[in-house]
Amino acid sequence: MVRVATSGGEARGGTSAVDALSRSALAVLHLNGRFMALLGDVAQPSGLSAAQWQVLHAVGAGPQSVSGVARMLGTTRQSVQRLADLLVAQGLAVYRDNPAHRRARLLAATERGEAALRGAGPGHAELARQLCGELGGEDALHRTTEALRELSRALCTVAPHLPS
């Protein structure tokens, strides 16, 4: 590899900050693809897609605005809105009035939605068990998660105009 210093950072050990950023982005995108495929497998017995599971899981602990779910998932409000409308049409979620904002209703899981999440629970638990085993335990998974959160926080700092 050619050592090239760029405005993105000094070359270090044959790689620049630009190279490191590119490798990080590709690794995270690959990871996202793997997670979506695995979530699809885990959610399938409940009749949910991976994307539906994500949105339903986000509101499983309590009602959230569509914008809040989008921020949590790092995606657009419009994509979450489409999924929320589908979940409502399927009877897995409902819209509720939002006392804090007249126009931004809250999305909440219904009993059927909570049952669908519980149906995915055994597969989710098995995946967690296997992943912890592969990484060397729960502490290793927690450290990995914290590193990913730190990367996300840093990206939000350097690109605050993008959805967080």
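Nothing here was measured: the structure is a model prediction, and the numbers come from that model.

Peer 1: Can you walk me through the overall build of the chain in this structure?
Peer 2: The helix and strand inventory of the chain stands at six helices and three strands. Reading the chain from its N end, one meets helices and strands in the order α-α-β-α-α-β-β-α-α. Projected onto the principal axes, the alpha-carbon positions of the chain cover approximately 55 × 40 × 25 Å. The burial tally for the chain puts 26% of its 164 residues in the buried class. If you take every contact in the chain between residues at least 6 apart in sequence, the share linking residues at least 24 apart comes to 37%. Accessible area for the chain stands at about 10,900 Å²; split by element, carbon and sulfur atoms hold 56% of it. For the chain, the separation between the mean place of its 17 positive charges and that of its 13 negative charges on side chains is 7 Å.

Peer 1: How should I be thinking about the packing of helix α1 (residues 17–43) against helix α2 (residues 50–60) in this particular structure?
Peer 2: If you want to describe how two helices pack, look at the angle between their axes and the distance between the axes. At a minimum axis distance of 8 Å, the contact between α1 and α2 shows a crossing angle of 80 degrees. Comparing the axis directions of α1 and α2 gives the class roughly perpendicular. In contact with Met 36, Leu 39, Gly 40 and Ala 43 of α1, α2 contributes Ala 50, Ala 51, Trp 53 and Gln 54. In terms of residue class, the contact of α1 with α2 is built from six nonpolar, two polar and no charged.

Peer 1: I would appreciate a short explanation of the packing of helix α3 (residues 66–73) against helix α4 (residues 77–89) in the present structure.
Peer 2: At their nearest, the axes of α3 and α4 sit 8 Å apart, and the two run at 115 degrees to each other. Viewed along their axes, α3 and α4 form a crossing whose handedness is right-handed. Taken together, the residues of α4 that come into contact with α3 (itself represented by Val 66, Ser 67, Val 69 and Ala 70) are Arg 77, Val 80, Gln 81 and Ala 84. Looking at the contact of α3 with α4 residue by residue, the classes come out as five nonpolar, two polar and one charged.

Peer 1: Explanation requested: the packing of aromatic side chains in the structure shown.
Peer 2: Two numbers describe a pair of aromatic rings. These are the distance of the centres and the angle of the planes. Evaluated as defined, the whole model comprises zero aromatic pairs. Looking at Arg 105, its charged tip hangs above the ring of Tyr 95, at a distance of 4.1 Å from the centre.

Peer 1: Any chance you could explain a nonpolar patch on the surface here in plain terms?
Peer 2: The grouping of Leu 21, Val 28, Leu 31, Phe 35, Leu 131, Leu 135, Leu 148, Leu 151, Leu 155 and Val 158 at the surface amounts to a nonpolar patch, some 800 Å² of accessible area in total. Note on placement: Leu 155 falls in helix α6 (residues 138–158).

Peer 1: For this particular structure, what's the right way to read the pattern of salt bridges?
Peer 2: Close approach of charged atoms allows side chains of opposite charge to pair. In the structure shown here, the tally under the stated rule is four salt bridges. Of the charged contacts in the structure, one is a salt bridge between Arg 129 and Glu 126, with a shortest N-O distance of 2.6 Å. Separated by three residues within a single helix, Arg 129 and Glu 126 lie in helix α5 (residues 111–135), roughly one turn from each other. Residue classification places Arg 129 among the exposed residues on the basis of a relative accessible area of 52%. The closest approach of N and O atoms between Glu 146 and Arg 153, which form a salt bridge, is 2.6 Å. On the basis of relative accessibility, which here comes to 37%, the residue Glu 146 falls in the partly exposed class. Linked by salt bridges that have partners in common, Glu 146, Arg 149, Glu 150 and Arg 153 make up one network.

Rules used throughout
Note that residues are indexed from 1 along each chain, following the sequence as it is written. With pLDDT at 70 or above as the cut-off, local features in this predicted model cover only qualifying residues; side-chain atom pairs require 80 or more to be listed or tallied, and sums for whole chains, interfaces and linings still use all residues. As a rule here, side-chain values cover all heavy atoms of the structure and leave hydrogens and water aside. Counting from the N terminus, the helices are DSSP H or I runs at least four residues long and the strands are E runs at least two residues long. Three labels apply to residues, based on accessible area from a 1.4 Å probe with only protein chains included: buried if under 20% of the type maximum, exposed if over 50%, partly exposed otherwise in between. A contact between two residues is defined here by any heavy atoms of the two lying within 4.5 Å. What sets the accessible areas is the Shrake-Rupley method with a 1.4 Å probe; for residues, cover comes only from the shown protein chains. Two residue types count as positive, namely Lys and Arg, and two as negative, namely Asp and Glu; His and chain ends fall outside the count. Where a charge lies is defined by one atom per residue type: Lys uses NZ, Arg uses CZ, Asp uses CG and Glu uses CD. To obtain an axis, a line is fitted to C-alpha atoms, over the contacting stretch when the element is a helix, and the angle between two such axes runs from 0 to 180 degrees between their N-to-C directions. Reported orientations rely on four angle classes, namely roughly parallel under 35 degrees, roughly antiparallel over 145, roughly perpendicular from 65 to 115, and oblique for the rest. Residues are grouped as follows: Ala, Val, Leu, Ile, Met, Phe, Trp, Tyr, Cys and Pro are nonpolar; Asp, Glu, Lys and Arg are charged; all remaining types, including Gly, are polar. Two helices that cross are described as forming a left-handed crossing if the nearer one is turned anticlockwise from the farther one by less than a right angle, and a right-handed crossing if clockwise. Planes of paired rings set the category: under 30 degrees apart is stacked, over 60 is edge-to-face and the rest tilted, where pairs are Phe, Tyr or Trp rings (Trp by its six-membered ring) whose centres lie within 6.5 Å. Charge-over-ring placement is defined geometrically: NZ (Lys) or CZ (Arg) within 6 Å of the ring centre, and within 35 degrees of the ring normal. Each patch is built from salt-bridge-free residues with over 30% relative accessible area, joining like charges within 9 Å and nonpolar side chains (Val, Leu, Ile, Met, Phe, Trp, Tyr) within 5 Å. Salt bridge, as used here: a side-chain nitrogen of Lys or Arg that lies within 4 Å of a carboxyl oxygen of Asp or Glu.

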